[in-house]
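Spelled out from the first residue to the last, the chains are:
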Amino acid sequence: YKVQNYKNINFANLNSSQISQIKSQLLIKVDTIPISMILAQAIVESGWGSSRFAREGNALFGEWTWQKGMGIKPEENLDANFAVKSFSDISSSLNSYLLNLNRHSAYKALRNYRFENFKDEKPINGLEAANFLSGYAEIGYKYVTKIREMIEANKLYRYDNLVLE
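Residues numbered from 1 in each chain as written. Predicted model: local features only at pLDDT ≥ 70, side-chain atom pairs only at ≥ 80, totals over all residues. Heavy atoms only, no water.

Here the focus is the sheet that holds strand E1 (residues 64-65). Taken in spatial order, the three strands make up an open sheet running E1-E3-E2, and their pairing is antiparallel. What marks the edges here is a single partner per strand, and that holds for E1 and strand E2 (71-72). (Pairing = 2+ DSSP bridges. Helix = DSSP H or I, 4+ residues; strand = E, 2+ residues; numbered from the N terminus.)

This is the structure:
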């Protein structure tokens, strides 16, 4: 989760202030992602699970990779310098997506929104959280609109209070 200097921390020798600082960093980076937003992005990115990337590589979230041989090239652009990440199973795709949102700099505002709501004891919902996804796709803010419309049209917000085990 890219906690500052994580590899150099001797946890046995930390004082309470240092522990508190690490906890604060982790609370910002490791927390809830609204289920409605997860579902909406999976639907949009995988075409309701029917895309070639979803069928051949369990790729529900359209994440890109620039590592050679680590994904599926788009058929319409075989010369692209990127590929869509592929996974051995859907759980791996979901884990990669969650890690991406929780640590990539493009989603810092999403994490800050989530942390502020946590501090204020307010719920986090997908319609609001989706406002911070303009960096997820090349189409920018149109992507935000697309995700919000998917949540509303399919009433996915009704799943935001569920807890997955």
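Further notes follow.
Here we come to unusual backbone geometry. Its identity is not glycine, yet Trp 48 carries a phi of approximately 60 degrees, on the positive side. Counting through the fold element by element, Trp 48 comes out in the loop between helix H2 (35-46) and helix H3 (52-57). Of note, Lys 155 is a non-glycine position whose phi angle comes to about 50 degrees, a positive value. Along the chain, Lys 155 turns up in the segment after helix H7 (141-153).

If you look at the biggest cluster of nonpolar residues, it comprises 26 residues, and the most contacted ones within it are Met 37, Tyr 97, Leu 101, Leu 133, Tyr 136 and Ile 147. Discounting residues that sit within four places of it in the chain, Tyr 136 has contacts with Gln 41, Glu 45, Phe 61, Glu 63, Tyr 97, Asn 100, Leu 101, Tyr 107 and Tyr 143. (Core = buried A, V, L, I, M, F, W, Y, C linked by side-chain atoms within 4.5 Å. Buried < 20%, exposed > 50% of the residue type's maximum accessible area, 1.4 Å probe, protein only. Contact = heavy atoms within 4.5 Å.)

Scanning the entire structure with this criterion turns up four salt bridges. The partner of Arg 52 in a salt bridge is Glu 56, and the shortest N-O contact between them spans 3.6 Å. Here the residue Arg 52 and the residue Glu 56 both occupy positions in helix H3, the gap between them amounting to four residues, near one helical turn. Owing to a relative accessible area of 17%, Arg 52 belongs among the buried residues under this scheme. The partner of Glu 63 in a salt bridge is Lys 85, and the shortest N-O contact between them spans 4.0 Å. (Salt bridge = Lys/Arg side-chain N within 4 Å of Asp/Glu carboxyl O.)

Turning next to H2. In this model, H2 (twelve residues) spans 16 Å end to end at C-alpha, consistent with the 16 Å of a helix rising 1.5 Å per residue. Most of H2 is tucked away: nine of the twelve residues are buried. Within H2, the full set of buried residues consists of Ile 35, Ser 36, Met 37, Ile 38, Ala 40, Gln 41, Ala 42, Ile 43 and Ser 46. Looking at the packing, one finds that the buried side of H2 touches H3, helix H4 (90-103), helix H5 (108-119), helix H6 (126-129) and H7. Count one or two residues on from H2 and you reach Gly 47, which has phi positive near 60 degrees. (Expected span 1.5 Å × (residues − 1).)

Along the chain, the position of Ser 93 falls in helix H4. For Ser 93, the side chain forms a polar contact with the main-chain nitrogen of Leu 60, separated by 3.2 Å. Not counting residues up to four positions away in its chain, the partners in contact with Ser 93 are Asn 58, Ala 59, Leu 60, Phe 61, Glu 63 and Phe 87. (Polar contact = N/O pair within 3.5 Å; in protein donor to acceptor, adjacent residues only side chain to side chain.)

Here the focus is H7. Given a rise of 1.5 Å per residue, 13 residues ought to cover 18 Å, and the 18 Å separating the end C-alpha atoms of H7 matches this to within 8%. Buried residues of H7: Tyr 143, Val 144, Ile 147, Met 150 and Ile 151, and no others. The buried residues of H7 occupy an angular sector of 130 degrees when the element is viewed end-on, so they sit on one face. Pointing more than 90 degrees away from the buried face of H7 are the exposed residues Lys 142 and Ala 153. In this structure, the buried side of H7 is in contact with H2 and H6. The positive-phi residue at the C-terminal boundary of H7 is Lys 155, with phi of around 50 degrees. (Arc of directions from axis to C-beta.)

Before going further, it helps to examine the packing of helix H1 (residues 16-29) against H5. Relative orientation of the contacting elements H1 and H5 amounts to 115 degrees, with a least axis distance of 8 Å. Looking at the two axes, H1 sits roughly perpendicular to H5. In this structure, H1 contributes Leu 27, Ile 28 and Lys 29 to the contact, and H5 contributes Arg 111, Asn 112, Arg 114, Phe 115 and Phe 118. Residue composition of the contact of H1 with H5, grouped by class: four nonpolar, one polar and three charged. (Axes fitted to C-alpha atoms, helices over the stretch in contact; angles between N-to-C directions. Parallel < 35°, antiparallel > 145°, perpendicular 65-115°, else oblique. Nonpolar A, V, L, I, M, F, W, Y, C, P; charged D, E, K, R; others polar.)

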